[in-house]
Amino acid sequence: MSKNKILIIGAHGQIGTVLTKELQEIYGLDAVVASDLKPKSGFSGVFEILDGTDFESLQAIVQKHEIKQIYHLAAILSARGEQAPLDTWEINMKLMFNVFEVARLNQVGKVFFPSSIAVFGDEASPILTPQDTFLNPATVYGMSKASGENWAQYYFTKYGIDIRSIRYPGIIGYQSLPGGGTTDYAVEIYHKAINGEDFSCFLKKDTQLPMIFMDDAIRATIEIMEAPIESISVRTSYNMASMSFTPEEIADSIKEIYPDFKIEYHPDYRQEIASKWPQSIDDSKAQEDWNWKAQYDLKSMTAIMLEKLEDKNKI
Ligand code: NAD
Ligand code: AKB
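J.: Any details on the side chain of Asp-289? Residues and values, ideally.
T.: Assignment of secondary structure puts Asp-289 in helix 10 (residues 284–290). Within polar-contact distance, the side chain of Asp-289 engages the side chain of Ser-233 at 2.4 Å. Within polar-contact distance, the side chain of Asp-289 engages the side chain of Tyr-238 at 2.6 Å. With residues near it in sequence (within four places) discarded, Asp-289 still touches Ser-231, Ile-232, Ser-233, Val-234 and Tyr-238.

J.: Run through the packing of helix 2 (residues 55–64) against helix 4 (residues 85–105), naming residues and quoting values.
T.: Between two packed helices, both the angle of their axes relative to each other and the distance between the axes serve to describe the pair. Put simply, helix 2 and helix 4 touch, their axes get as near as 10 Å, and they point 45 degrees apart. One way to sum up the angle between helix 2 and helix 4 is to call them oblique. In this structure, the crossing between helix 2 and helix 4 has a hand that is right-handed. For the pair helix 2 and helix 4, the contacting residues are Phe-55, Leu-58, Gln-59 and Val-62 in the first and Asn-98, Val-99, Glu-101, Val-102 and Leu-105 in the second. In the contact of helix 2 with helix 4, the residues fall into 6 nonpolar, 2 polar and 1 charged.

J.: Describe the site of ligand 2, listing the residues and the values that go with them.
T.: Looking at ligand 2, the residues that line it are Leu-77, Ser-78, Ser-116, Ile-117, Tyr-141, Gly-181, Thr-182, Thr-183 and Trp-277. A distance of 2.7 Å separates an oxygen atom of ligand 2 from a polar side-chain atom of Tyr-141. At a separation of 2.6 Å, an oxygen atom of ligand 2 approaches a polar backbone atom of Thr-182. In the complex, 93% of the free accessible area of ligand 2, which totals 250 Å², lies under the protein chains. Residues of the shell around ligand 2, tallied by class, amount to 4 nonpolar, 5 polar and no charged. Formed jointly, the shell around ligand 2 draws a minimum of three residues from each of two domains, domain 1 (5–170 + 212–239) and domain 2 (173–210 + 243–280 + 296–314).

J.: Which residues make up the nonpolar core, and what values go with them?
T.: Core analysis: the largest hydrophobic core is formed by 40 residues, its most contacted members being Ile-172, Tyr-185, Ile-189, Tyr-190, Phe-245 and Met-301. Of the residues that make up this core, three or more belong to each of domain 1 (5–170 + 212–239) and domain 2 (173–210 + 243–280 + 296–314). Non-local contacts of Ile-189, meaning those with residues more than four positions away in its chain, are made with Phe-199, Ile-250, Ala-251, Ile-254, Phe-261 and Ile-263. One finds Val-32, Leu-73, Ile-222 and Trp-292 within the second-largest nonpolar core, a separate group that totals 31 residues.

How each quantity is defined
- Residues numbered from 1 in each chain as written.
- Chains lettered and ligands numbered in written order.
- Predicted model: local features only at pLDDT ≥ 70, side-chain atom pairs only at ≥ 80, totals over all residues.
- Heavy atoms only, no water.
- Helix = DSSP H or I, 4+ residues; strand = E, 2+ residues; numbered from the N terminus.
- Polar contact = N/O pair within 3.5 Å; in protein donor to acceptor, adjacent residues only side chain to side chain.
- Contact = heavy atoms within 4.5 Å.
- Axes fitted to C-alpha atoms, helices over the stretch in contact; angles between N-to-C directions.
- Parallel < 35°, antiparallel > 145°, perpendicular 65-115°, else oblique.
- Left-handed = near helix turned anticlockwise from the far one by under 90°.
- Nonpolar A, V, L, I, M, F, W, Y, C, P; charged D, E, K, R; others polar.
- Near = heavy atom within 4 Å.
- Areas by Shrake-Rupley, 256 points an atom, 1.4 Å probe, with all protein chains shown as cover.
- Domains from an automatic or database assignment.
- Core = buried A, V, L, I, M, F, W, Y, C linked by side-chain atoms within 4.5 Å.
- Buried < 20%, exposed > 50% of the residue type's maximum accessible area, 1.4 Å probe, protein only.

None of the figures reported here should be taken as evidence of function without further support.
Below, the structure written as structure tokens:
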């Protein structure tokens, strides 16, 4: 049995799909236990069906596999969350408490708890939003992440559970589809482009949001989890930046490769969510503490997204 077995909760989601493969490559197939509500065809590796809101099932899996690290990725995201606010609060908070408690009771050494730019609201400066600022999230999802950050700090201070966290921007990757967020448009737009379809954007053309390419997000996640414990000075969650752009700018980057690509703007309720989020983020603390640095910009990301999605389409 590996000394450092890893459990991923929400392994079949947008991030989990990619992170699971990366962790399997680094630590070996048997060292990684993927879990989600349902199995997924084509998955290879160790898999457990798990509803993380069920504490007993979660604890049974942790004990069965002698888990030493948990990546807790399961959550209801911003846009989907606003469709059922009370359920979203209940699910996100229950998942978070179950993970933190199972770690405390079962000597799980390290936990990754992703936070989000959704913790910020209109009281925070929207340009280069600082690490330490007033958090007044306007969505239930953002409220659950802001509370989770404080609970992460509490479990570290009170019980010594080494919980590490990043406030991810919107994540864009070709490997998987997003699951109910406000930044999802920036993935869907590439799928429309390679299929030769016009794109109807649910945000206004000048809505600038912080985003990150999947490869950078995965690298950041592994880097923060591998960093020496003394380098982690932020026990709530680290700001993380890479690129910021508007729907018009991402469409323009696609038009450089597909000149006939067309976008229309039909803002819906997600515009209200996006308009309270930062436009750019100051991530100097992550840079200082564990040498974080993004590698991709909009141009390089667009080139890879279109190339990889075209390749997938040919299969
Ligand atoms: P996702 O919605 O794509 O995937 C979440 C996964 O969790 C899904 O596979 C789902 O089946 C699973 N899940 C849901 N409820 C569950 C439950 N009760 N028990 C077990 N599994 C359950 O989300 P994602 O985009 O991969 O995000 C992962 C984490 O990163 C989330 O916590 C999210 O808030 C955070 N995050 C994501 C982004 C982003 O742009 N993708 C940005 C900021 C933060
Ligand atoms: C969402 O849009 O809800 C997520 C996020 C930024 O947390 N992608």
